[in-house]
Amino acid sequence: SNTFGRRFCFTTFGESHGRAIGCVVDGVPAGLSIDEVFIQSELDRRKPGQNKFATARKEGDKVEILSGVFEGKSTGTPIAMVIFNENQKSGDYENVKNLFRPGHADFTYFHKYGIRDYRGGGRSSARETAARVAAGAVAKLLLNALHVKVQSGICAIGGIEAQSYDFERVSHSEIYALDASVEEAQKEKILEAKNAHDSIGGVALVQIVGAPIGLGEPMYYKLDALLADAMMGINGVKGVEIGEGFHASGLKGSQNNDAITQSGFVSNHSGGILGGMSNGDVVTCKVYFKPTPSIFLSQETIDTEGHALTCNLKGRHDPCIAVRGSVVAESMAALVIADLLLLNLGTSMEHLKQIYM
Ligand code: FMN
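Computed from a predicted model, the values in this text were never measured in an experiment. (Residues numbered from 1 in each chain as written. Predicted model: local features only at pLDDT ≥ 70, side-chain atom pairs only at ≥ 80, totals over all residues. Heavy atoms only, no water.)

So, about the sheet that holds strand β11 (residues 237–242). Here we have five strands laid out as an open sheet, ordered β9-β8-β10-β16-β11, and antiparallel in their pairing. The sheet is open, and its two edges are formed by β9 (160–161) and β11, each paired on a single side. Pairing of strand β8 (residues 149–157) with β9 involves two bridges; the strand directions are antiparallel. Paired with Ile 157 across the two strands is Ile 160, which belongs to β9. Where helix α7 (residues 321–343) meets the sheet, its contacts fall on β8, β10 (202–209) and β16 (283–289), and the angle it forms with β8 comes to roughly 150°. (Pairing = 2+ DSSP bridges. Helix = DSSP H or I, 4+ residues; strand = E, 2+ residues; numbered from the N terminus. Contact = heavy atoms within 4.5 Å. Axes fitted to C-alpha atoms, helices over the stretch in contact; angles between N-to-C directions.)

This brings us to a nonpolar patch on the surface. A surface patch of nonpolar side chains, amounting to about 510 Å² of accessible area, comprises Leu 345, Ile 355, Tyr 356 and Met 357. Relative to the helices and strands, Ile 355 resides in helix α8 (residues 349–356). (Patch = residues over 30% accessible without salt bridge, like charges linked within 9 Å, V, L, I, M, F, W, Y side chains within 5 Å. Areas by Shrake-Rupley, 256 points an atom, 1.4 Å probe, with all protein chains shown as cover. Salt bridge = Lys/Arg side-chain N within 4 Å of Asp/Glu carboxyl O.)

This next bit is on the packing of helix α1 (residues 36–46) against α7. Contact geometry of α1 with α7 gives a least axis separation of 8 Å together with a crossing angle of 145°. Counting all contacts with α1, which are made through Glu 42, Arg 45 and Arg 46, the residues of α7 involved are Arg 324, Val 327, Val 328 and Glu 330. Residue composition of the contact of α1 with α7, by class: two nonpolar, no polar and five charged. (Nonpolar A, V, L, I, M, F, W, Y, C, P; charged D, E, K, R; others polar.)

The next point concerns the site of the ligand. Of all residues adjacent to the ligand, which total 17 residues, the nearest are His 104, Gly 236, Lys 290, Ser 294 and His 317. At 2.8 Å, a side-chain N or O of His 317 approaches a nitrogen atom of the ligand. One nitrogen or oxygen atom from the main chain of Asp 318 is found 2.9 Å from an oxygen atom belonging to the ligand. A total of 630 Å² of accessible area belongs to the ligand in isolation, and the protein chains cover 87% of it. The element that contributes the greatest number of residues to the shell around the ligand is α7, accounting for three residues. When grouped by side-chain class, the residues that make up the shell around the ligand number four nonpolar, nine polar and four charged. (Near = heavy atom within 4 Å. Polar contact = N/O pair within 3.5 Å; in protein donor to acceptor, adjacent residues only side chain to side chain.)

Here's what the structure looks like:
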């Protein structure tokens, strides 16, 4: 499916080297101020070609709203947005059109569908994630109106981990680093990989601040399950941790439980989620990105007819997808919370009476 969400949901369309990409966001309540400058600024954070730590593909990523907005406000009808592709270099992909690039979706797309747009990875290209960021920006507008904040940044690159998290500095960092004390070493890791014609993995941290208690639907639409679904659905994401995450499996209950006092939770190992529902504390989620599959070293592969080949890639690629990926992860978190906020409305008679009586 190309659709995500139940009440606040979106569908994306488009390929990397097609005419355009875009999304249709449905379920946006009427009367939300749609700040186009803000939506564009979110796309600008994800857009390629901004510095030596990202791909050199230059895209303006100018978003155009086609429907669902009148006199600056949402009308309760589907909001369609389009971003035209500008800087495709499809010639770069001529030599790989019949072969399977290692680490890419070529192999599985070919076997599943028997046909694929090989130019720039087609639909499997992370170019599609620009549409998610556009949809996420609308979700963020809704969250802003309800005083819920979503923030993200890079906590690790190539195993170099942040020791502290400062979300205020992320927008001033070329790699969206959360910790100034390791930023240079993290940048060095990226450049080292890039100069060796290779790539490197990394980890983004996403936080949701100010979410009310009770977001998440037991049993099968839990907040943690939904966040994992949203994050694992991002290209190149191979792991998601909530709160203490994998580390909790090595702890004792006495170390991992968050004691509760009259003034709230003493710690936040739970990552703000208990029983699949937000507990009012900061929701924390770590998103693990693999290294970019496109590297400029010779690799072994086969073609669509099964012949053994050496794969030598051309083109322009992110040396570390986690950096721009962190913006996508933040957008997906906003989309999850917007969906759950709307789903939560029918939870109790008290809610319903507040709305209808
Ligand atoms: N993969 C590349 O080979 N080159 C890129 O320049 C590239 N840029 C990406 C940018 C972002 C923001 C994200 C989230 C991913 C990027 N990827 C890139 C990753 C691929 O899209 C992804 O690894 C591929 O589709 C295979 O899917 P999988 O890794 O989820 O299995």
